[in-house]
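So the chains spell out like this:
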2 protein chains.
Amino acid sequence: MRAVDIITKKRDGRELTRDEIGFIVRGYTEGEVADYQMAAWLMAVYLRGMTRAETLALTEEMLHSGAVVDFSSLGRPRVDKHSTGGVGDKTSLVVAPVVAAAGVIVPMISGRALAHSGGTLDKLEAIPGFRTDLSLSEFRSVLEKTGAALIGQTAEIAPADRKIYALRDVTATVECRPLMAASIMSKKMAEGINGLVLDVKAGSGAFIKTEAEAVELARLMIDIAREMEKEAVALITDMNQPLGRAVGNSLEVIEAFETLRGRGPEDLNTLCRELSAEMIVMGRAAGDIEEGRHVYDEMIGSGAAIEKMREIITHQGGDARAIDDYELLPRACHERIVRAQASGYVEAIDAKAVGHASMLLGAGRASIDAPVDLSVGLRVESRIGDLVASGSPIVTLYFNDEANVEEAARVIEGAYTLWPHAVAPPELIKEVLR
Amino acid sequence: MRAVDIITKKRDGRELTRDEIGFIVRGYTEGEVADYQMAAWLMAVYLRGMTRAETLALTEEMLHSGAVVDFSSLGRPRVDKHSTGGVGDKTSLVVAPVVAAAGVIVPMISGRALAHSGGTLDKLEAIPGFRTDLSLSEFRSVLEKTGAALIGQTAEIAPADRKIYALRDVTATVECRPLMAASIMSKKMAEGINGLVLDVKAGSGAFIKTEAEAVELARLMIDIAREMEKEAVALITDMNQPLGRAVGNSLEVIEAFETLRGRGPEDLNTLCRELSAEMIVMGRAAGDIEEGRHVYDEMIGSGAAIEKMREIITHQGGDARAIDDYELLPRACHERIVRAQASGYVEAIDAKAVGHASMLLGAGRASIDAPVDLSVGLRVESRIGDLVASGSPIVTLYFNDEANVEEAARVIEGAYTLWPHAVAPPELIKEVLR
């Protein structure tokens, strides 16, 4: 078998066998297939697509390129949630403690911020001392003690995916359904879970722009999970504006803590409640979704969720006092209010641009090695459907370095579209796929 | 400007600007754009295509990545011929001396064998002592003395093309019209020529399978030449069977010598005559094609052509006695006749398979660094339209090493299709584009 023949076959739109996919993935991971051959193959996959069978084979090859954790000895169901990424999405910081408080194990492996999109690991690291770089044995130990742990992708987990993902990022092959599905599922299937709740986002701030495409990706991931004998459910959710109000690491942690206290923004709370309810049902801690929602409300209302968050932070080396004293979190020195330049109803927000503005302030990464300023970000003051008067605040920027502030403000101004007539806010949860 | 944005734009089927093409070609040549990014871009070009303006920009960027020779001081028109490659194509060894004997300068830069396709440089090197690795100043000096020189692509000529071609070969992006056109034309336009005669081959032994595709490639190259203020003519020729009888380096040199003596196979002689006539007209040594053909006949008939070949060989360090004594050329030790397994008319020959069989015997290269046995090859005994009896010879194999002989014989057997009824041989010259 030769890499060039496998590239040719995919280039010509033909279906690859499991052996051929195994050859190129293993060859690349082991350094026998060159970067440039993998890059040509990825572009061929991007433009020619993959069948379901090919995508499953790719997922399994990437999964088995590394360790697959076995947590069955923990004796309880293990359920994770994965989001395809958006702006202001801090749901992991809410659902992990809620669901663990309800008695379900949540072994969560997350990623970092890239481009306009935030990353759970960066957010967690805004909590002083919080360690996301646990080894697999530390991961297990935190799970045993608290029921939830939130870590980064270790070197042992799906090394083929790590290497391929880095290449996709620089070869314009990121937004490709089969590659996205295989990347997500190869990591998630390595976590030793029984079930997975997927939050597939569609809209201006997501990698996927339309609901139809989101449904296709979700369906593909559910099928892969089923083939691998795992439960899976997908929520198709709106990402046409940031989720909640806060965008930026420290600011999002505060919003997540507030949500765990029952004081979070309505949209964020609603999504966390639905995702948690699905996870709780999947984890056999409730009989149906309605009961799952009650469990969520109870965990929040009783303080069990915020106490679980305290436990998780402590076991992962963080300073849990930050939960009660937000002054312990990194805080930006300056504020700048961006104001509406006309009056009207907010018709649309380019959420990707909002994420980009936050990145310009230092909250995200333009490239994979760039440093992140955990204190900076922005607060969305006006959301879709809101009536704003000319000169009223639409976004507050929080920053330390003046350098890009004016550019960020211009990006925000350009991100808002106003309309003279009333506009209905978008539906947050568009569909649930089982 | 970032490489990833240029890849994205081409991936999405949009037209690149000259600046963007310049950025990626120069960046790659200078090592600032990575192999894997160029590979992804090439695959996007393969699958999305390029406009004429993009192809012209690519050609010019590759051309100006290196030296452009100026031979205007030689005072006479300079004309070259380029073939897109086939099996048994030794026309360069005939037309260069004929056209130079007619008084036109022929500065010819050629390539090596790869896969099923032969290479002029390897053939020339079958002549003892013949040097193809002349520097540009040696090239000029041979041209001044003899009017023709046949060399390999030097490091100074179109380095961007060298680097990109090597990458295309391992990333399944060879058979792509705009990339082929830009690669050929960037090298040819660096030779300091006034005009170029193109032999664009279509058929089972060519990179291009159909006449329609060959016409498109030819038209594209003619347009590029015109934009760069050079004359160009293209012959669309048949490559559904090897050209002439001999395939393999030393064997093809002998057939070329025989043709220069007026004793060559009819098809080879016809094609050399037409190509030479076009070159002679373009080089102002004849007023029209009919006169050009007469000049060809005269150069062959008078012995001027074979004498010119002697001069070229001598000036390029070769032993010109080989022209008269074929025993001085490398010769294989063994022969094996492959026989027809049934009776019938030869309906089709898979010329690519014949080239592959020759490569299996050692005459060609499976990879770019593989050694070549200059003595081995084969002789085509039966051509399309011939009536063969069961057991009569179809091909004679010439070899030194037994290893692949049986496989080569099987490949030859599979390459021939017989038919019970008479079959007309294919038309050799299908079209002339001006």
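Computed from a predicted structure; not experimentally measured.

Chemist: I'd like a rundown of the overall build of chain A, residues and numbers included.
Modeler: Assigned secondary structure in chain A consists of 16 helices and 13 strands. For chain A, whose C-alpha radius of gyration is 21 Å, the value lies close to the compact-globule estimate of 22 Å for 434 residues. For chain A, the spread of C-alpha atoms along the principal axes amounts to about 65 × 45 × 40 Å. Taking all 434 residues of chain A together, 59% fall into the buried category. The contacts in chain A between residues at least 6 apart in sequence include a share of 77% that link residues at least 24 apart. Accessible surface, chain A as shown: approximately 15,800 Å² in total, 48% of it carbon and sulfur. Placing the 48 positive and 65 negative side-chain charges of chain A at their respective mean positions leaves the two points 2 Å apart.

Chemist: Which residues make up the domain arrangement of chain A, and what are the values?
Modeler: Residue and element names in this part refer to chain A. Taken domain by domain, chain A holds domain 1 (3-49), domain 2 (72-323) and domain 3 (330-419). Computed over C-alpha atoms, the centres of domain 1 and domain 2 are 31 Å apart. Contacts between domain 1 and domain 2 engage 11 residues on the former and 12 residues on the latter. Both sides together, the interface formed by domain 1 and domain 2 hides about 1,100 Å², and carbon and sulfur atoms give 80% of it. On the domain 1 side of the contact with domain 2, Y28, L42 and Y46 bury the most area, a combined 51% of that side's loss.

Chemist: Before we move on, could you go through the sheet that holds strand β10 (residues 387-388) of chain B and cite the residues and values that matter?
Modeler: If you trace the 3 strands from one edge of the open sheet to the other, you get β10-β8-β12 (chain B), paired in antiparallel fashion. Two strands close off the open sheet at either side, each with one partner strand: β10 and β12 (416-419) of chain B.

Chemist: How would you summarise the relation of the copies chain B and chain A if you had to cite specific residues and measurements?
Modeler: With an RMSD of 0.0 Å, chain B superimposes on chain A once it is rotated by 179 degrees and translated 0.0 Å along the axis. Taken together, the rotation and translation describe the operation of a two-fold axis. Identified as the residue of chain B closest to the rotation axis by C-alpha distance is Y36(B), at 1.9 Å. By residue overlap, the copies meet face to face through one surface: 100% of the interface positions of chain B are interface positions in chain A.

Chemist: Explain the sheet that holds strand β7 (residues 334-339) of chain B to me, using residue names and the numbers behind them.
Modeler: The strands making up a sheet are joined through hydrogen bonds of the backbone, oriented either antiparallel or parallel. Residues and elements named next belong to chain B. Read from one edge to the other, the open sheet built from 4 strands follows the order β6-β9-β11-β7, with strand pairing classed as antiparallel. Two strands in the sheet have a free side with no partner beyond their single neighbour: β6 (246-247) and β7. Relative to strand β11 (residues 393-399), β7 is paired through 6 bridges, and the arrangement is antiparallel. When the bridges of β11 are listed, R339 appears paired with P393. Sheet contacts for helix α16 (residues 405-415): β7, β9 (377-380) and β11; angle to β11, the most-contacted strand, approximately 155 degrees.

Chemist: Describe in detail the pattern of salt bridges, supporting the description with residues and values.
Modeler: Side-chain pairs of opposite charge can arise whenever the charged atoms involved come near each other. All names here are of chain A. Inspection of every chain in the model, using the stated rule, returns 69 salt bridges over all chains. Between K9 and E20 there is a salt bridge, with its nearest N and O atoms 2.9 Å apart. Taken together, the residues K9 in helix α1 (residues 3-11) and E20 in helix α2 (residues 18-29) connect sequence positions 11 residues apart. The partner of D267 in a salt bridge is R383, and the shortest N-O contact between them spans 2.7 Å.

Chemist: Help me get a handle on the interface of chain B and chain A, residues and values and all.
Modeler: The partner chain A presents 22 residues to the 22 residues of chain B that form the contact. Ranking the residues of chain B by area buried against chain A places R11(B), Y36(B) and L47(B) at the top, with a combined share of 35%. One can count 2 salt bridges joining chain B with chain A. For the interface between chain B and chain A, the tally reads 8 residue pairs in polar contact (both at pLDDT 80 or more). At the level of elements, α1 (3-11), α3 (35-48) and α8 (159-170) of chain B are the ones that each hand at least two residues to the side of chain B that touches chain A. Among the elements that take part in the side of chain B that touches chain A, α3(B) stands out by supplying 10 residues, more than any other.

Chemist: Could you give an account of helix α12 (residues 266-282) of chain A, naming the residues involved and the relevant values?
Modeler: Residue and element names in this part refer to chain A. If you check α12, its first and last C-alpha atoms are 24 Å apart, about what 17 residues at 1.5 Å a residue would give, namely 24 Å. Along α12, 13 of the 17 residues are buried, which leaves the element largely enclosed by surrounding structure. Of the residues flanking the end of α12, it is R284, one or two places downstream, whose phi is positive at about 65 degrees.

Chemist: Break down the packing of aromatic side chains for me, citing the residues and quoting the values.
Modeler: All names here are of chain B. Under the definition given, this model contains 4 aromatic pairs over all chains. Stacked on the ring of Y28, the Lys or Arg K163 has its end atom at 4.4 Å from the ring centre. Taking the ring centre of Y165 as reference, the NZ or CZ of K187 above it sits at 5.9 Å.

Chemist: Go over the packing of helix α3 (residues 35-48) of chain A against helix α8 (residues 159-170) of chain A with me, naming the residues and quoting the values.
Modeler: All names here are of chain A. Put simply, α3 and α8 touch, their axes get as near as 10 Å, and they point 70 degrees apart. Comparing the axis directions of α3 and α8 gives the class roughly perpendicular. Every pair of crossing elements has a handedness; the one defined by α3 and α8 is right-handed. For the pair α3 and α8, the contacting residues are D35, M38, A39 and L42 in the first and I164, L167 and R168 in the second. Residue classes in the contact of α3 with α8 are distributed as 5 nonpolar, no polar and 2 charged.

Chemist: Describe in detail the side chain of S375(A), supporting the description with residues and values.
Modeler: Residues and elements named next belong to chain A. With respect to the secondary-structure elements, S375 resides in the loop between α15 (351-361) and β9 (377-380). On the basis of relative accessibility, which here comes to 6%, the residue S375 falls in the buried class. Looking at S375, its side chain comes within polar contact range of the side chain of D373, at 2.8 Å. Separated by 2.9 Å, the side chains of S375 and N400 make a polar contact.

Chemist: Describe in detail the nonpolar core, supporting the description with residues and values.
Modeler: Core analysis: the largest hydrophobic core is formed by 89 residues, its most contacted members being F257(B), L260(B), L378(B), L397(B), I412(B) and Y416(B). Residue contributions to this core peak at 9 residues, all from helix α12 (residues 266-282) of chain B. Among the domains, domain 2 (72-323) and domain 3 (330-419) of chain B are the pair contributing at least three residues each to this core. Within the second largest apolar cluster, 87 residues are counted, among which are A96(A), V99(A), L124(A) and L235(A).

Chemist: Break down the environment of Q316(A) for me, citing the residues and quoting the values.
Modeler: Within the fold, Q316(A) resides in the loop between α14 (304-315) and β7 (334-339). Filtering out sequence-adjacent residues up to four positions away, Q316(A) remains in contact with G129(A), F130(A), R131(A), T132(A), L134(A), V142(A), A149(A), L150(A) and I151(A).

Chemist: Quick one: what's the story with unusual backbone geometry, residue by residue and with numbers?
Modeler: All names here are of chain B. Of note in this structure, A158 is not a glycine but carries a positive phi near 40 degrees. Position of A158 relative to the elements: it lies in the loop between β3 (148-152) and α8. In this structure, R284 takes a positive phi of about 65 degrees despite not being glycine. As for its position among the elements, R284 is in the loop between α12 and α13 (289-301).

Rules used in this analysis
- Residues numbered from 1 in each chain as written.
- Chains lettered and ligands numbered in written order.
- Predicted model: local features only at pLDDT ≥ 70, side-chain atom pairs only at ≥ 80, totals over all residues.
- Heavy atoms only, no water.
- Helix = DSSP H or I, 4+ residues; strand = E, 2+ residues; numbered from the N terminus.
- Rg over C-alpha atoms; globule rule 2.2 N^0.38 Å.
- Buried < 20%, exposed > 50% of the residue type's maximum accessible area, 1.4 Å probe, protein only.
- Contact = heavy atoms within 4.5 Å.
- Areas by Shrake-Rupley, 256 points an atom, 1.4 Å probe, with all protein chains shown as cover.
- Lys, Arg positive; Asp, Glu negative; His and termini not counted.
- Charge placed at Lys NZ, Arg CZ, Asp CG, Glu CD.
- Domains from an automatic or database assignment.
- Buried area = accessible area lost by both parts, 1.4 Å probe.
- Pairing = 2+ DSSP bridges.
- Least-squares fit on C-alpha atoms with pLDDT ≥ 70 in both.
- Axes fitted to C-alpha atoms, helices over the stretch in contact; angles between N-to-C directions.
- Salt bridge = Lys/Arg side-chain N within 4 Å of Asp/Glu carboxyl O.
- Polar contact = N/O pair within 3.5 Å; in protein donor to acceptor, adjacent residues only side chain to side chain.
- Expected span 1.5 Å × (residues − 1).
- Phe/Tyr/Trp six-rings, centres within 6.5 Å; stacked < 30°, edge-to-face > 60°.
- Lys NZ or Arg CZ within 6 Å of the ring centre and 35° of its normal.
- Parallel < 35°, antiparallel > 145°, perpendicular 65-115°, else oblique.
- Left-handed = near helix turned anticlockwise from the far one by under 90°.
- Nonpolar A, V, L, I, M, F, W, Y, C, P; charged D, E, K, R; others polar.
- Core = buried A, V, L, I, M, F, W, Y, C linked by side-chain atoms within 4.5 Å.

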